[in-house]
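# Notes for the structure review
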Amino acid sequence: MDLIKTIEEQQKDDSALNFSVGDTVKVHFEIIEGKTKRIQIYEGLVICIKGSGVRKTFTVRKISYNVGVERVFPVYSPRVVKVEVTRVGKVRRSKLYYIRDKVGKNAKVKELVGQKSVEYLKWSRDLAKAADATEAAINAEEKAEIAAAKSAAAKK
């Protein structure tokens, strides 16, 4: 179990999650067709971020030929070359599933404008990093407690 966690921690990239729910993003995704590789850009609204650790994913929704299309991307996938934020959305929910039922202008999310959007981006990134650091500290404490319990059991 510890081996899996160490491998997963090595695969994590702190700069990968530079967006939040409600943002309009361009996902540069590497597609391999036979022997050729190309990068396809998928632009849409981030409607949810799920999971934790290396298994964290985000769902991007776009309208293509009047049909709603959603695609789930792993945050730490090597195939996701980069995620570019085009608009910072102003939302008060962590999951925007209600957007699926909206049509036209109602399906849009308000934009954070000006300096507030820059400050919000910095704040959300700092918050995410702090949450990850807290999670890592808790995991380290749990590991230390388990090791102490094992050594105490071995002494008996």
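Nothing here was measured: the structure is a model prediction, and the numbers come from that model.

Quick look at the environment of Gln40 now. Note on placement: Gln40 falls in strand 2 (residues 36-50). You can call Gln40 partly exposed: its relative accessible area is 31%. Taking the C-alpha atoms as reference points, Gln40 and Glu30, 10 residues apart in sequence, are found 6.3 Å from one another. Residues in contact with Gln40, not counting those within four places in the same chain, are Val27, His28, Phe29 and Ile31.

Sheets are built from strands paired through backbone hydrogen bonds, the pairs being either parallel or antiparallel. Strand order in the open sheet formed by five strands is 4-3-2-1-5, and the pairing between neighbours is antiparallel. The open sheet has two free edges, formed respectively by strand 4 (67-74) and strand 5 (80-87), since each of these has just one partner strand. Strand after strand, the sheet turns through a mean of 40 degrees between neighbouring axes, direction not considered. Across eight bridges, strand 3 (residues 57-64) lies against strand 4 in antiparallel orientation. Note that in strand 4 the partner of Val60 across the bridge is Arg71.

One finds Phe19, Val27, Phe58, Val60 and Phe73 to be the most contacted residues of the largest nonpolar core, which totals 22 residues. Residue assignment for this core shows that the elements contributing at least two residues are strand 1 (24-33), strand 2, strand 3 and strand 5. With five residues, strand 2 is the single largest residue contributor to this core. Non-local contacts of Val27, meaning those with residues more than four positions away in its chain, are made with Gln40, Ile41, Tyr42, Phe58, Val60, Phe73, Val80 and Lys82.

Taken together, the side chains of Ile39, Ile41 and Val81 present a nonpolar region at the surface, about 260 Å² in accessible area. Positionally, Val81 belongs in strand 5. Judged by relative accessible area, which is 43%, Val81 ranks as partly exposed.

Moving on, we get to the pairing of strand 2. Summarising the sheet, strand 1 and strand 2 pair through 10 bridges and their orientation is antiparallel. In the strand pairing of strand 2, Val25 is matched with Gly44. Hairpin connection between strand 1 and strand 2: a loop of two residues separates the two successive antiparallel strands, and Gly34 in this loop has a positive phi of roughly 70 degrees. Counted along the chain from strand 2 to the antiparallel partner strand 3, the turn is six residues long, and its residue Gly51 has a positive phi close to 85 degrees.

So, how was this worked out
Residues numbered from 1 in each chain as written. Predicted model: local features only at pLDDT ≥ 70, side-chain atom pairs only at ≥ 80, totals over all residues. Heavy atoms only, no water. Helix = DSSP H or I, 4+ residues; strand = E, 2+ residues; numbered from the N terminus. Buried < 20%, exposed > 50% of the residue type's maximum accessible area, 1.4 Å probe, protein only. Contact = heavy atoms within 4.5 Å. Pairing = 2+ DSSP bridges. Axes fitted to C-alpha atoms, helices over the stretch in contact; angles between N-to-C directions. Core = buried A, V, L, I, M, F, W, Y, C linked by side-chain atoms within 4.5 Å. Patch = residues over 30% accessible without salt bridge, like charges linked within 9 Å, V, L, I, M, F, W, Y side chains within 5 Å. Areas by Shrake-Rupley, 256 points an atom, 1.4 Å probe, with all protein chains shown as cover. Salt bridge = Lys/Arg side-chain N within 4 Å of Asp/Glu carboxyl O.

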